[in-house]
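If you want the building blocks of each chain, they are given just below.
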Amino acid sequence: MSDLILNPITLVECVALTHGFEPEDFPKTLITVYGQVVDLIDGAGNWTENLHFEHVGYVSRKIKWADRFHHNDYVEWIIRGWTIDRLEHNLNIKAITAIHSNIDTLNISGTTSDEIAEQLFQWCEKLVIGGALKLDQVPAAAARSLYEWGLEEDLSGFSEHRLFSLSQVRKFRNSTGTLVTIRDSRFGPFTRTELSFIEAAMNDYVEVTATERAAYYLARDWGLRPIQMALLHVSDYGTDELGPFISVPCVKGTKRSILRRAKSNFVKRYIADDTAEAIQSQIPVAHEVAASMRARIGKFSGEEQAAKLETPLFPAKGRSDLRLERYCRDPKVFKYSLHCDSHTISKLMRDLTWKLRIPKTKTEKVESDDYYLNITAYRFRRTKGTSMVLAGATPEDVAEALDHVSVDSIKYYFRYNLELHDFINRAHSESPDIVRAVEAWGGRLDNMGDLLPNEIKIGSLGKCTRGSACPYHPTVSCYSCQNFKPSKNADHRQALIDIQNFKNMIRDTSTGPINQQLETAIHGAKSVILAIKHEDRSTDAASRNS
């Protein structure tokens, strides 16, 4: 074992000498899933300073490679071997980062292969459990991947039983997570009224660009991911006897993600007329931007090769010379050198929030992050999924439309019925007070059925999804807590009276934060009462009309 930085040959020799088997030499280069060749070892036989490569359609990636990852030579060899394998088959940089950033917490006291394998397993188990408790699946998935690689390499001490035990660690889920996704006023799906506000603002605001319009309408029609938009070509737009369409690449799932723009990886999506008009306006803009980039690329690849590049619908406007050189060195990624990155599309959509500045309500006066209607690409995906469910689509239809490899990823759309969403939509035509109440509690009102994992019953008031003991005064603080799911049948009016009485009782003895917290709780209780009353009224009206 050594803390010295070992070159690839010396590291392999040390592992072979200490652990009694002959590992293969490290390759000098690796080929990523997109075909890019990346140097692992420099001309002097040492590790290269960084691994620099393109995560096509996303960003340029860099991984520090010259420094040691761990003081133990055997662990060092394992980490490097696993990292190379991941880059060649998956490019899951989050998993690699999770292992690299945590590996220094692995304490190795053993000397044999079996002892080190035992301590590595225990470390992986801690990562899996820790990730599950923090509702973060990345460390857990990374740890399982690392251990699985050791098993597939037939390393001493690695066993299928232990891999199975890592896979069986319970994945805790925040039971309010889907509620935040579906009916959260900042990140959930848009209502019909909100979509009409966005389109009206885009039509009125002359500074909205053709690029922004094209991205908006594609997101509205099909909820395309930013990466899917980033991979589109101008030639993917067309018309046939059924109307205008866009051919969209599939990107979800390891195999489909690697295919990128392979001919077999496209689906035809018919689009609305206003979407077609927005794309037609964007095409000349795309050609103009691409022409400028081709001139720069031609300096590295030659003008003839640069001229062969197809024009993306959303081309990159700028890129460093170093990055362009990397694109030009590898034919497999060269064809993507004009494409913008997905985060460019994401930022473009987010920026519409502050460019359009659509107020969420008409009565609030203070500008804040929550004052304007939040616009993001993924809100349109949730809107598309929700609207399909309400239209009677099957789980398979929704999964296919949203480019998911299975129905497991979209099941949460089906937990919400038509009455709830009609209730939300109708509320937006009501008074501002009702709007705020519905946005605060819509989707969280509960019928007090069976408790889900991590839920705790709070008397007759409702449920708490905190998953642990509450450090506050439950019957008071619940109404200002995002973990609270009020029961529709509870006596919230009496609870409101109790809180007001409590506030009056301590008025002369307490000041500052306590009074402010009680004011917030009182406001929350009033909002719950208002939201339940409005829902009951909407339900009664629907019953009379049916």
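Placed above this text is the structure.
Since the model is a prediction, treat every value here as computed from it, not as a measurement. (Residues numbered from 1 in each chain as written. Predicted model: local features only at pLDDT ≥ 70, side-chain atom pairs only at ≥ 80, totals over all residues. Heavy atoms only, no water.)

Attention now moves to the packing of aromatic side chains. How two aromatic rings sit relative to each other is given by the distance of their centres and the angle of their planes. Taken as a whole and judged by the stated rule, the model has 12 aromatic pairs. Each ring, one from Tyr147 and one from Phe158, has its centre 4.8 Å from the other, and the planes form 40 degrees; the classification is tilted. Here the residue Tyr147 occupies a position in helix 5 (residues 137-152), and Phe158 occupies one in the loop between helix 5 and helix 6 (160-167), the gap between them amounting to 11 residues. Take Phe158: its relative accessible area is 9%, and that puts it in the buried class. With a centroid separation of 5.3 Å and 75 degrees between ring planes, the pair formed by Trp354 and Tyr372 is classed as edge-to-face. In this pair, Trp354 sits in helix 16 (residues 342-356) while Tyr372 sits in the loop between helix 16 and helix 17 (377-390), placing the two residues 18 residues apart along the sequence. Residue classification places Trp354 among the partly exposed residues on the basis of a relative accessible area of 38%. Of the residues examined, Tyr372 reaches a relative accessible area of 6% and is grouped as buried. Directly above the aromatic system of Phe245 lies the positively charged group of Lys268, at a separation of 4.4 Å from the ring centroid. (Phe/Tyr/Trp six-rings, centres within 6.5 Å; stacked < 30°, edge-to-face > 60°. Helix = DSSP H or I, 4+ residues; strand = E, 2+ residues; numbered from the N terminus. Buried < 20%, exposed > 50% of the residue type's maximum accessible area, 1.4 Å probe, protein only. Lys NZ or Arg CZ within 6 Å of the ring centre and 35° of its normal.)

Right, let's get into the nonpolar core. For soluble globular proteins, nonpolar side chains are generally found buried alongside one another. With 59 residues, the main nonpolar core has Trp77, Ile78, Leu87, Trp123 and Leu146 as its most contacted residues. Listed by contribution, the elements that provide at least two residues to this core are helix 1 (8-19), strand 3 (50-55), helix 2 (73-89), helix 3 (93-102), helix 4 (113-133), helix 5 and helix 6. Excluding its chain neighbours within four sequence positions, the residues that come into contact with Trp123 are Ile99, Asn102, Ile103, Thr105, Leu106 and Leu146. Within the second largest apolar cluster, 50 residues are counted, among which are Ala230, Ala316, Ile375 and Val398. (Core = buried A, V, L, I, M, F, W, Y, C linked by side-chain atoms within 4.5 Å. Contact = heavy atoms within 4.5 Å.)

Put simply, helix 8 (residues 192-204) and helix 9 (residues 210-222) touch, their axes get as near as 12 Å, and they point 160 degrees apart. Taken together, the axes of helix 8 and helix 9 lie roughly antiparallel to each other. Viewed along their axes, helix 8 and helix 9 form a crossing whose handedness is left-handed. In this structure, helix 8 uses Leu195, Ile198, Glu199, Met202 and Asn203 to contact helix 9, whose residues at the interface are Glu212, Arg213, Tyr216, Tyr217 and Arg220. When its residues are assigned to classes, the contact of helix 8 with helix 9 shows five nonpolar, one polar and four charged. (Axes fitted to C-alpha atoms, helices over the stretch in contact; angles between N-to-C directions. Parallel < 35°, antiparallel > 145°, perpendicular 65-115°, else oblique. Left-handed = near helix turned anticlockwise from the far one by under 90°. Nonpolar A, V, L, I, M, F, W, Y, C, P; charged D, E, K, R; others polar.)

Our next topic: the sheet that holds strand 10 (residues 484-486). The three strands lie next to each other as 8-9-10, forming an open sheet whose pairing is antiparallel. The open sheet terminates on both sides in strands that have one partner only, identified here as strand 8 (456-458) and strand 10. Ignoring which end each strand starts from, the neighbouring axes of this sheet average 30 degrees apart. Bridge analysis of strand 9 (residues 462-464) against strand 10 gives three bridges, and the strand direction is antiparallel. (Pairing = 2+ DSSP bridges.)

Here Arg357, not a glycine, exhibits a phi torsion of approximately 50 degrees, which is positive. Among the residues examined, Arg357 registers a relative accessible area of 38% and is labelled partly exposed. For Asp403, which is not glycine, the phi torsion reads 60 degrees and is therefore positive. Mapped onto the secondary structure, Asp403 falls in the loop between helix 18 (395-401) and helix 19 (418-427).

Across four bridges, strand 5 (residues 237-240) lies against strand 6 (residues 243-249) in antiparallel orientation. When the sheet's bridge partners are listed, Thr239 is paired in strand 6 with Pro244. Here strand 5 folds back onto strand 6 in antiparallel fashion, the turn holding two residues.

Bringing the sheet that holds strand 7 (residues 266-270) into the picture now. Strand order in this open sheet of three strands is 5-6-7, and the pairing throughout is antiparallel. At either margin of the open sheet sits one strand with a lone partner, and together these are strand 5 and strand 7. Each neighbouring strand pair of the sheet contributes to a mean axis angle of 35 degrees, computed without reference to strand direction. Relative to strand 7, strand 6 runs antiparallel, the two sharing five bridges. By the bridge assignment for strand 7, Ile246 is matched with Arg269. In the packing of helix 12 (residues 273-301) onto the sheet, contacts are made with strand 5 and strand 6, and the angle to strand 5 comes to roughly 135 degrees.

Our focus in this paragraph is the environment of Leu120. Mapped onto the elements of the fold, Leu120 is located in helix 4. Taking relative accessible area as the criterion, Leu120 reaches 2% and is therefore assigned buried. C-alpha separation for the pair Leu120 and Ile108, spaced 12 residues apart in sequence, amounts to 8.1 Å.

A few words on the pairing of strand 3. By the bridge criterion, six bridges tie strand 3 to strand 4 (residues 59-64) in an arrangement that is antiparallel. Looking across to strand 4, one finds that Leu51 is bridged to Ile63.

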